[in-house]
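What follows is the residue order along each chain.
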Amino acid sequence: MALFAVTAAARADAPLRWASDGTANVPFTFQDPAEQTRMVGFEYDIMAEIGHRLSRDTQFVQNDWDGLIPGLQRGFYEMVADGIEMTPEHMEALDFSRPYYVTAERIVVRRDQAGLDSFERLGGHAVGTIKDTLAERMLRDRSDVKLSSYDEESNAFSDLKDGRLDAVLLDGPIALYYGEADPALRIVGPPIGHLAYGVAFKKGANQELRRHVDQALQDMVADGALHRILARWNLWTPEMVEWTGDRTNPNIAPTEWERYLAATAPTPGWEARFYRYVGFLPLIARGAALTLAVSACAMVLAVGLGLALALTRRYGPAWLASLATLYVEIIRGTPLLIQILFIFYGLPGIGIRLSPFVAGVLGLGLNYAAYEAENYRAGLQSVARGQMEAATALNMTHAQALRYVVVPQAFRVVVPVMTNDFISLLKDSSLVSIITLTELSQTYVRLSSTYFDYFGTGLMVGAAYLLLGLPFVRLARMAEKRLAVSERNGQGRR
């Protein structure tokens, strides 16, 4: 009984963990454009208010959209709030709180367009939306619509502005913040359909917490707290009036909406843009540091394991060489993304839970080890067999001959290839963003989607990748020259 009391008390004191994809997620949960170290959003405010009413601190957990539900099912956090639609399909797989927001689909077009102001008039046009949403299902039922589905709404609006799409059909909050907030776009036509967002829980788990969250949301509707939050974000709509029955009209200025507009307004002139870019540097530096740390640790693992695999295949017993060959073929035959997801989300199913950093290093390191093994094996094969025979004739053991004679000569051959592999690994490290790590590529997505600036931020992030790789290229060239000098000196002595 005492043990239960202690456990319950510890659970009550623990932070209430909830997850969302805060990279390109305006206005749900996102980085404050005016202060990039701060998270904001109407869902972020709602979850903070729920935590306050439950007397629990809330802890936001960043995760990629595709990883939100797998992370929930593996117990990495208790709840997900990310504009998840309460569709019959979703409700079969998840438990939901009562809705905290109801809305409809809206059409967004370029400001100079006319005629696409209803769902019926979209026929014969290219229309974009987000994958796995009500809007996508509605458009798939239209054989006369050329549908493009996106992972991120910012890409859909970018294609709309560039003329690749004729219209975008998305949820009301997204249409408002990406469409109406952009001087080049506008919302047209009446609301279409009906959808509701709810806080998602793992199916059959955390039932008591779900009841508490339901009660908190009900109280927030009753005392007007939900109204006040949504009004600040300019998201109190006729649909919310009908759903809540709250017909009050408190004098609440849309302060968060106005703050967002001011922070993301086009910068007049190069001077203002320069200072904005300077403000991006701390975020890019943090992303670069994480990218370098993951890549360096993964490369150390890849080099060590790759060399062991190559030596095993070249000089090991037949059964061990076969196992090494099997490993190389399996790793090379499956996508790196699948391997990372399996390590992070699959291994907890057998009781192995790894942090995102460790999982990212393992995924990249184990994958590149297979390719390094083939490079080293080619290097070992380039060393004449007589070198091993000469070493053993000088009373060296087999291991000493490999260490002092064969491997150093093979190393000279593979140094340029190792450099190329490390640079490739630096770029492939972008895949670890799928398991909640915010490295350089994820930083680019965040900044470009917030400020609608893909060109300037793309140049900055590209320069960061280049600066990370150049020192290693220089070191590799120095190593090649040193090894070449050593080899020439050795030949001269002979």
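That block above? That's the structure.
Residues numbered from 1 in each chain as written. Predicted model: local features only at pLDDT ≥ 70, side-chain atom pairs only at ≥ 80, totals over all residues. Heavy atoms only, no water.

Chemist: I'd love a proper account of a nonpolar patch on the surface, names of residues and values included.
Modeler: A surface patch of nonpolar side chains, amounting to about 520 Å² of accessible area, comprises Trp-319, Leu-320, Leu-323, Leu-326 and Ile-330. Looking at the element boundaries, Trp-319 is found in helix 13 (residues 318-333). We classify Trp-319 as exposed; its relative accessible area is 59%. (Patch = residues over 30% accessible without salt bridge, like charges linked within 9 Å, V, L, I, M, F, W, Y side chains within 5 Å. Areas by Shrake-Rupley, 256 points an atom, 1.4 Å probe, with all protein chains shown as cover. Salt bridge = Lys/Arg side-chain N within 4 Å of Asp/Glu carboxyl O. Helix = DSSP H or I, 4+ residues; strand = E, 2+ residues; numbered from the N terminus. Buried < 20%, exposed > 50% of the residue type's maximum accessible area, 1.4 Å probe, protein only.)

Chemist: Can you break down the layout of surface pockets residue by residue, with the values?
Modeler: Taken as a whole, the largest pocket encloses approximately 620 Å³ of empty space. Contributing to the lining of the largest pocket are 38 residues, with Asp-21, Trp-65, Asp-151, Glu-152 and Glu-153 lying nearest its centre. Top element by residues in the lining of the largest pocket is helix 18 (residues 440-451). It accounts for six residues. Among the residues forming the lining of the largest pocket, the class breakdown is 14 nonpolar, 13 polar and 11 charged. (1 Å grid on protein atoms, 1.4 Å probe; cavity = no way out; pocket = protein on both sides within 12 Å on 5 of 7 lines; lining within 4 Å. Points joined across faces, edges and corners; volume = space filled by probe spheres on them. Nonpolar A, V, L, I, M, F, W, Y, C, P; charged D, E, K, R; others polar.)

Chemist: Hey, could you go over helix 9 (residues 225-232) for me, with residue numbers and the actual values?
Modeler: Among the eight residues of helix 9, six are classified as buried, and the element is accordingly described as predominantly covered. Turning to helix 9, its buried residues number three or more, namely Ala-225, Leu-226, His-227, Ile-229, Leu-230 and Ala-231. Next to the buried residues of helix 9 lie helix 2 (42-53), strand 7 (101-110), helix 8 (207-222) and helix 10 (238-244). Once helix 9 ends, the next one or two residues include Asn-234, with phi positive near 60°. (Contact = heavy atoms within 4.5 Å.)

Chemist: Describe the packing of helix 6 (residues 153-161) against helix 7 (residues 172-180), naming the residues involved and giving the relevant values.
Modeler: Axis separation between helix 6 and helix 7 bottoms out at 11 Å; the angle between their running directions is 45°. For the element pair helix 6 / helix 7, the angle class is oblique. Crossing angle aside, the handedness with which helix 6 passes helix 7 is right-handed. Facing Glu-153, Ser-154 and Phe-157 of helix 6, the residues of helix 7 in contact are Ile-174, Ala-175, Tyr-178 and Gly-179. (Axes fitted to C-alpha atoms, helices over the stretch in contact; angles between N-to-C directions. Parallel < 35°, antiparallel > 145°, perpendicular 65-115°, else oblique. Left-handed = near helix turned anticlockwise from the far one by under 90°.)

Chemist: Account for the side chain of Gln-113, naming residues and giving values.
Modeler: Inspection of the secondary structure assignment puts Gln-113 in the loop between strand 7 and strand 8 (126-130). A relative accessible area of 14% means that Gln-113 is categorised as buried. In contact with Gln-113, other than residues within four places in its own chain, are Leu-160, Asp-166 and Arg-186.

Chemist: Requested: an account of the sheet that holds strand 8, with residues and values cited.
Modeler: Read across the open sheet, the five strands follow the order 9-8-10-7-11; overall the sheet is mixed. Each edge of the open sheet carries a strand with a single partner, namely strand 9 (146-150) and strand 11 (185-197). The average angle at which neighbouring strand axes cross in this sheet is 25°, direction not considered. Where strand 7 meets strand 10 (residues 167-171), four bridges bridge the pair, whose relative direction is antiparallel. The residue bridging Glu-105 from the neighbouring strand is Asp-171, located in strand 10. (Pairing = 2+ DSSP bridges.)

Chemist: Tell me what's going on with the pairing of strand 3 (residues 35-40), and back it up with residues and numbers.
Modeler: Where strand 2 (residues 30-32) meets strand 3, three bridges bridge the pair, whose relative direction is antiparallel. Pairing of Asp-32 across the sheet is with Glu-35, part of strand 3. Between strand 2 and strand 3, which pair antiparallel and follow one another directly, the connecting turn spans two residues.

Chemist: Run through the nonpolar core, naming residues and quoting values.
Modeler: Among the nonpolar cores identified, the biggest contains 71 residues, and Phe-42, Ile-46, Met-79, Tyr-100, Leu-122 and Phe-157 are the most heavily contacted of them. Those residues in contact with Tyr-100, other than ones at most four positions away along the chain, are Phe-42, Glu-43, Ile-46, Ala-81, Asp-82, Gly-83, Tyr-197, Gly-198, Val-199, Leu-217, Leu-226 and Met-240. Val-61, Ile-284, Phe-344 and Leu-440 belong to the second largest nonpolar core, which has 45 residues in total. (Core = buried A, V, L, I, M, F, W, Y, C linked by side-chain atoms within 4.5 Å.)

Chemist: Break down the pattern of salt bridges for me, with residues and values.
Modeler: Per the stated rule, a full pass over the model turns up 20 salt bridges. Close ionic contact of Asp-223 with Arg-53 constitutes a salt bridge, the shortest N to O distance being 2.8 Å. One end of the pair, Asp-223, is in the loop between helix 8 and helix 9; the other, Arg-53, is in helix 2, with 170 residues separating them in the sequence. For Asp-223, a relative accessible area of 39% corresponds to the partly exposed category. What makes Arg-53 partly exposed here is its relative accessible area of 28%. Put simply, Asp-162 and Arg-164 hold a salt bridge, and the shortest N to O gap is 3.2 Å. Bridged by salt links that share partners, the residues Asp-32, Arg-38 and Arg-259 form one connected network.

Chemist: Can you tell me about the packing of aromatic side chains, naming the residues and giving the values?
Modeler: Tallied over the full model, the rule gives 19 aromatic pairs. Considering the side-chain rings of Phe-76 and Tyr-345, the 6.0 Å spacing of their centres and the 40° angle between planes classify their relative orientation as tilted. Linking Phe-76 in the loop between helix 3 (68-73) and strand 5 (79-80) with Tyr-345 in helix 14 (residues 336-346), this pair joins segments that are 269 residues apart in sequence. Ring centres 4.9 Å apart and planes at 85° place the aromatic pair Tyr-177 and Trp-257 in the edge-to-face group. (Phe/Tyr/Trp six-rings, centres within 6.5 Å; stacked < 30°, edge-to-face > 60°.)

Chemist: Which residues make up the packing of helix 2 against helix 8, and what values do they have?
Modeler: Where helix 2 meets helix 8, the closest approach of the two axes is 10 Å, and the angle between their N-to-C directions is 110°. What the angle tells us is that helix 2 and helix 8 run roughly perpendicular. Taken together, the residues of helix 8 that come into contact with helix 2 (itself represented by Ile-46, Glu-49, Ile-50 and Arg-53) are Val-213, Ala-216, Leu-217, Asp-219 and Met-220.

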